[in-house]
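For reference, the chains in residue letters:
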Amino acid sequence: MHLKLIHTNDYETISQLTGEIILSLIRSKEKVTLGLATGSTPIGTYQYLVEDRKKNGTSYQNVTTFNLDEYVGLDGNHPQSYRYFMDHHLFHHLDIPTEKIFIPNGMADDLEEECKSYEKAIREQGGIDLQLLGIGHNGHIGFNEPGTPFSSRTHVVKLTENTRQANSRFFSSIDEVPSYAITVGVQTIFESKQIVLIASGESKAPIMEKLLTAKPTEELPASILKNHPNAIIIADKEALKNVNFKQLDESIVVEYK
Ligand code: GLP
């Protein structure tokens, strides 16, 4: 099993490479299902796709998307909801048919039922072709916090203080950050045919060093990538600055871009 690590100079290169991976999939396959992420890291990738659409008119008519997560209690008009984020950064600029865009509904009356039907919708699409991921400072993916079973499926999570604190920069105060979210599970992510995790900037250096040296463990949800047959990490030199490349496991194949 090999994990490919693409070491880039800067954030722009991460965005360009990730954008190209997504575009080549869309161009080569008739029907594509993407797993999408929020957070600041994918913004450049989304901009790249939007620019490409303007220049080349790439069609997204045959693309279905599933977002990883959503806050409980925020509706899609709330500027901090992930639905709003995705509309603003991506969906309003592409032509993905509305009925092919899936984001967990954080306002559902029955959240358990919402989780089940989200899993079902992914299954009915035949699974995710490419899952894009960011990484939290504690190694979370989606909102799967440390300790989440690798076998987990879409579920409601209580956010850790660490995550609420990190995400409070988007809200006017930490009290406004929801305490709960819906996230697809680690197993759901793992079943994607391909996974691309992107990481940028110095603040991610400690967790990236841990991720690249740790054995797969539920204490570090992103480490599941090490068990995946087709996973890539694309990170810039700041995010990788703590990594001792000479001591990396030989299962990690490093490429410089
Ligand atoms: C949030 C999201 C994650 C994202 C993480 C990192 O917690 N739920 O999907 O990966 O933030 O975000 P950023 O890219 O802003 O560092």
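To keep things clear, this report deals only with the structure shown in the data block. No experiment lies behind these values; they were computed from the predicted model shown.

1. Let's talk about the pattern of salt bridges
Alright, step 1. One pass over the structure, following the stated rule, counts 14 salt bridges.
Alright, step 2. Where Arg-83 meets Asp-87, a salt bridge forms, and the shortest distance between an N and an O atom there is 3.2 Å. Of this pair, Arg-83 and Asp-87 both sit in helix α3 (residues 82-89), 4 residues apart, which is roughly one turn of the helix.
Alright, step 3. Residue Glu-255 is joined to Lys-257 by a salt bridge in which the shortest nitrogen-to-oxygen separation is 3.5 Å.
Alright, step 4. Residue class for Glu-255 comes out partly exposed when judged on its relative accessible area of 28%.

2. Considering the site of the ligand
Alright, step 1. Among the 14 residues in the neighbourhood of the ligand, the closest are listed as Ser-40, Thr-41, Asp-69, His-140 and Lys-204.
Alright, step 2. Here an oxygen atom of the ligand and a side-chain polar atom of Ser-40 are 2.7 Å apart.
Alright, step 3. Within the side chain of Asp-69, one N or O atom sits 2.8 Å away from a nitrogen atom of the ligand.
Alright, step 4. Here the ligand has 390 Å² of accessible area as a free molecule, and 95% of this is covered by the chains.
Alright, step 5. If you map the ligand onto the pockets, it falls in the largest pocket.
Alright, step 6. A per-class count over the shell around the ligand returns 3 nonpolar, 8 polar and 3 charged.

3. What to know about empty space enclosed by the protein
Alright, step 1. Per the stated rule, a full pass over the model turns up 2 cavities of 30 Å³ or more.
Alright, step 2. Here the largest cavity is characterised by a volume of approximately 40 Å³.
Alright, step 3. As for the largest cavity, its lining consists of Gly-35, Phe-66, Asn-67, Leu-68, Ile-122, Ile-128, Gln-131, Val-184, Thr-188 and Ile-189.
Alright, step 4. Secondary structure elements with two or more residues in the lining of the largest cavity: β3 (63-67) and α6 (186-190).
Alright, step 5. Its residues assigned to classes, the lining of the largest cavity shows 6 nonpolar, 4 polar and no charged.
Alright, step 6. For the second largest cavity, the calculated volume is near 30 Å³.
Alright, step 7. Taken together, Leu-34, Leu-36, Leu-49, Tyr-60, Val-63, Thr-65, Leu-90, Leu-94 and Ile-96 make up the lining of the second largest cavity.

4. Thoughts on the layout of surface pockets
Alright, step 1. The space that makes up the largest pocket amounts to roughly 650 Å³.
Alright, step 2. Surrounding the largest pocket, 36 residues form its lining, Thr-38, Gly-39, Ser-40, Asn-167 and Arg-169 being those nearest its centre.
Alright, step 3. Of all the secondary-structure elements, those providing two or more residues to the lining of the largest pocket are β4 (69-71), α3 and α5 (161-167).
Alright, step 4. Ranked by residue count, the leading element in the lining of the largest pocket is α3, at 5 residues.
Alright, step 5. Considering only residue class, the lining of the largest pocket consists of 16 nonpolar, 17 polar and 3 charged.
Alright, step 6. Taken as a whole, the second largest pocket encloses approximately 170 Å³ of empty space.
Alright, step 7. Taken together, 13 residues line the second largest pocket, and the ones lying closest to its centre are Ala-214, Lys-215, Lys-226, Asp-249 and Ser-251.
Alright, step 8. The residue makeup of the lining of the second largest pocket, split by class, is 6 nonpolar, 4 polar and 3 charged.

The rules behind these values
Residues numbered from 1 in each chain as written. Predicted model: local features only at pLDDT ≥ 70, side-chain atom pairs only at ≥ 80, totals over all residues. Heavy atoms only, no water. Salt bridge = Lys/Arg side-chain N within 4 Å of Asp/Glu carboxyl O. Helix = DSSP H or I, 4+ residues; strand = E, 2+ residues; numbered from the N terminus. Buried < 20%, exposed > 50% of the residue type's maximum accessible area, 1.4 Å probe, protein only. Near = heavy atom within 4 Å. Polar contact = N/O pair within 3.5 Å; in protein donor to acceptor, adjacent residues only side chain to side chain. Areas by Shrake-Rupley, 256 points an atom, 1.4 Å probe, with all protein chains shown as cover. 1 Å grid on protein atoms, 1.4 Å probe; cavity = no way out; pocket = protein on both sides within 12 Å on 5 of 7 lines; lining within 4 Å. Sits in = over half its atoms within 2 Å of the grid points. Nonpolar A, V, L, I, M, F, W, Y, C, P; charged D, E, K, R; others polar. Points joined across faces, edges and corners; volume = space filled by probe spheres on them.

Note that every value here comes from positions in space, so none of it alone points to a role or purpose.
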